[in-house]
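# Structure assessment
Below, each chain spelled out in residue letters.
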Number of protein chains: 2
Amino acid sequence: MSYEENSHTDMEKTLLTLKQDIENGFFQEKEKLPSVFELAKNYQVSYETMKEVIQLAVNEDILTRRAGVGVFINSQPIFSSGIEQLRSVTKMIQHAGKTPGTQYVSADIVNPTKYDYQYLRSAETDKIAKIERVRTADGDPVVYCIDKVNQQLLPMSQLHSKHSIFQLLEEHSEMRISYAVAFIEPISYDEKISPILNCQPDQAMLLLKQIHYTESDEPVLFSENYFRPDVFRFYVVRQRT
Amino acid sequence: MSYEENSHTDMEKTLLTLKQDIENGFFQEKEKLPSVFELAKNYQVSYETMKEVIQLAVNEDILTRRAGVGVFINSQPIFSSGIEQLRSVTKMIQHAGKTPGTQYVSADIVNPTKYDYQYLRSAETDKIAKIERVRTADGDPVVYCIDKVNQQLLPMSQLHSKHSIFQLLEEHSEMRISYAVAFIEPISYDEKISPILNCQPDQAMLLLKQIHYTESDEPVLFSENYFRPDVFRFYVVRQRT
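So, here is what we can say about the structure in this document.

What counts, and where the lines are drawn
Residues numbered from 1 in each chain as written. Chains lettered and ligands numbered in written order. Predicted model: local features only at pLDDT ≥ 70, side-chain atom pairs only at ≥ 80, totals over all residues. Heavy atoms only, no water. Core = buried A, V, L, I, M, F, W, Y, C linked by side-chain atoms within 4.5 Å. Buried < 20%, exposed > 50% of the residue type's maximum accessible area, 1.4 Å probe, protein only. Contact = heavy atoms within 4.5 Å. Least-squares fit on C-alpha atoms with pLDDT ≥ 70 in both. Buried area = accessible area lost by both parts, 1.4 Å probe. Salt bridge = Lys/Arg side-chain N within 4 Å of Asp/Glu carboxyl O. Polar contact = N/O pair within 3.5 Å; in protein donor to acceptor, adjacent residues only side chain to side chain. Helix = DSSP H or I, 4+ residues; strand = E, 2+ residues; numbered from the N terminus. Nonpolar A, V, L, I, M, F, W, Y, C, P; charged D, E, K, R; others polar. Pairing = 2+ DSSP bridges. Expected span 1.5 Å × (residues − 1).

Another aspect to go through is the nonpolar core. Counting residues in each nonpolar core, the largest one holds 34 residues, and the members touching the most others are Ile184, Phe232 and Phe234 of chain A together with Ile184, Phe232 and Phe234 of chain B. Excluding residues that lie within four positions of it along the chain, Ile184 of chain A makes contacts with Ile83, Leu206, Leu207 and Leu208 of chain A together with Ile83, Ile184, Leu206, Phe234, Tyr235 and Val236 of chain B.

Structure follows, in structure tokens:
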């Protein structure tokens, strides 16, 4: 990369103006950005400078380039937090100042799978409550949740409750979830879940497969949460070992 | 899900045998699995039971289903570790008992971008060393690394060194990396990087964007690491807040 000092200053200024224009709603979230040529004319900078500015905004996750389609304005993440902090999805959405909502996909009592034996230490004779829900923030679908819990801990009548499963477990079984072991997986397009979350075909999701434990290290809840990456952003502080 | 007790036992046994057959190399990593019909005949179970077994193995990340193509055997992860532990990629590969290798893509001295100002606190007059490398484990490409460091900290002659950047920074600038703040992003197919890592079009990658700090909280290294998810698996312990 090489550019003159003055075009560098132009770049800085143009990036700032572009950001403000997005914040002020001049360009709308998820909209396609006008062409580089148009933008350069608009912001009174050279074509090359405008291209650089767009690249910087892509680097900063303000814009997304879709091959052969154009450049799009990202929705701003509503939630950015240390992944080592465990909160219910409900709390995460509230914390971002949005109203959490729930659309039930299904709630069933099922036999445990091998997976459940391993993760929930369930016996063969146990029944598992399996709840699939779309979690919304101000009405927008943002997380797809599959939760599995031993049916004894969560009465059938509560499967469609509006309360978080964390809260239901506390109220009905005096089980307080203390921590979770989460496996972090990137997921490319999923035929079922991506369209529900309004994800584009080239948008990956972040899947957290979580085993939730009580203070006495008893696994009580296994959940698979698919997060829209433009809405939820996770970071972690990694200590040198 | 509903099945008889005896087919449940069949399922357990068949899953175990399938796992052993994969471990013993009867089915090879990355190969396509035979049809459900053939497998059922092979393992002497019903078609339905075999379908369940395959689903369980998919759940356990032993197999991957590719829509319209078939079911494939995953390569077993060579590295599974708490994401909050920071090691160099070199150490991660060694830790898994594999021999780390490096293929250089490019090493350049570039002007800092807005991004670098923010993350490396570099001045406008600074030059940035940008190193792009493919990291290999026993010769297989497993991580794509883009590293950026202030050029003053890493002499030009060392840009192609076989040592880890962590080690080079210690030896040449007495800078010991103490921790990193890593942003966790799922990435779908990338036209440049996915083919280099031998990723299938429907395989997502895990990107860690990391700002590395010294003990005195000075940011000295910014890196973007693209991990093949079938090779590296990260988990995190999340504490309830």
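Let us keep going from here.
Here the focus is the relation of the copies chain A and chain B. For the pair chain A and chain B, the relating rotation is 180 degrees, the translation along its axis is 0.0 Å, and the fit reaches an RMSD of 0.1 Å. Such values leave the two copies arranged in the relation of a two-fold axis. Taking the C-alpha atom as reference, chain A places Pro186 of chain A closest to the rotation axis, 2.4 Å from it. A shared interface surface links the copies, since 100% of the contact residues of chain A are contact residues in chain B too.

Contacts between chain A and chain B engage 60 residues on the former and 60 residues on the latter. Roughly 5,500 Å² of surface becomes buried between chain A and chain B when both sides are summed, with 52% attributable to carbon and sulfur atoms. Where chain A meets chain B, there are two salt bridges. Among the salt bridges present, the one from Arg240 of chain A reaches Glu170 of chain B, with a minimum N-O distance of 3.5 Å. At the boundary of chain A and chain B, one finds 24 residue pairs in polar contact (both at pLDDT 80 or more). Those elements that place two or more of their residues in the side of chain A that touches chain B are helix H1 (5-23), helix H3 (47-59), strand E4 (85-86), helix H5 (114-120), helix H6 (165-173), strand E8 (177-187), strand E9 (205-214) and strand E11 (232-240) of chain A. The greatest single-element share of the side of chain A that touches chain B, amounting to 11 residues, is contributed by E8 of chain A. In terms of residue class, the side of chain A that touches chain B is built from 30 nonpolar, 13 polar and 17 charged. Sheet analysis places E11 of chain A next to strand E4 (residues 85-86) of chain B, joined by two bridges and oriented parallel. The residue bridging Arg240 of chain A from the neighbouring strand is Leu86 of chain B, located in E4 of chain B.

All names here are of chain B. The end-to-end C-alpha distance of helix H3 (residues 47-59) is 19 Å, a good match for the 18 Å that 13 residues give at a rise of 1.5 Å each. For H3, the set of buried residues is Thr49, Met50, Val53, Ile54, Leu56, Ala57 and Val58. Trailing H3 by a residue or two, Asp61 shows a phi angle of about 65 degrees, which is positive.

Take unusual backbone geometry next. Residue and element names in this part refer to chain A. The backbone phi angle of Glu174 is positive, close to 50 degrees, even though this residue is not glycine. The residue Glu174 is located in the loop between H6 and E8 in this model. The exposure class assigned to Glu174 is exposed, which follows from its relative accessible area of 74%.

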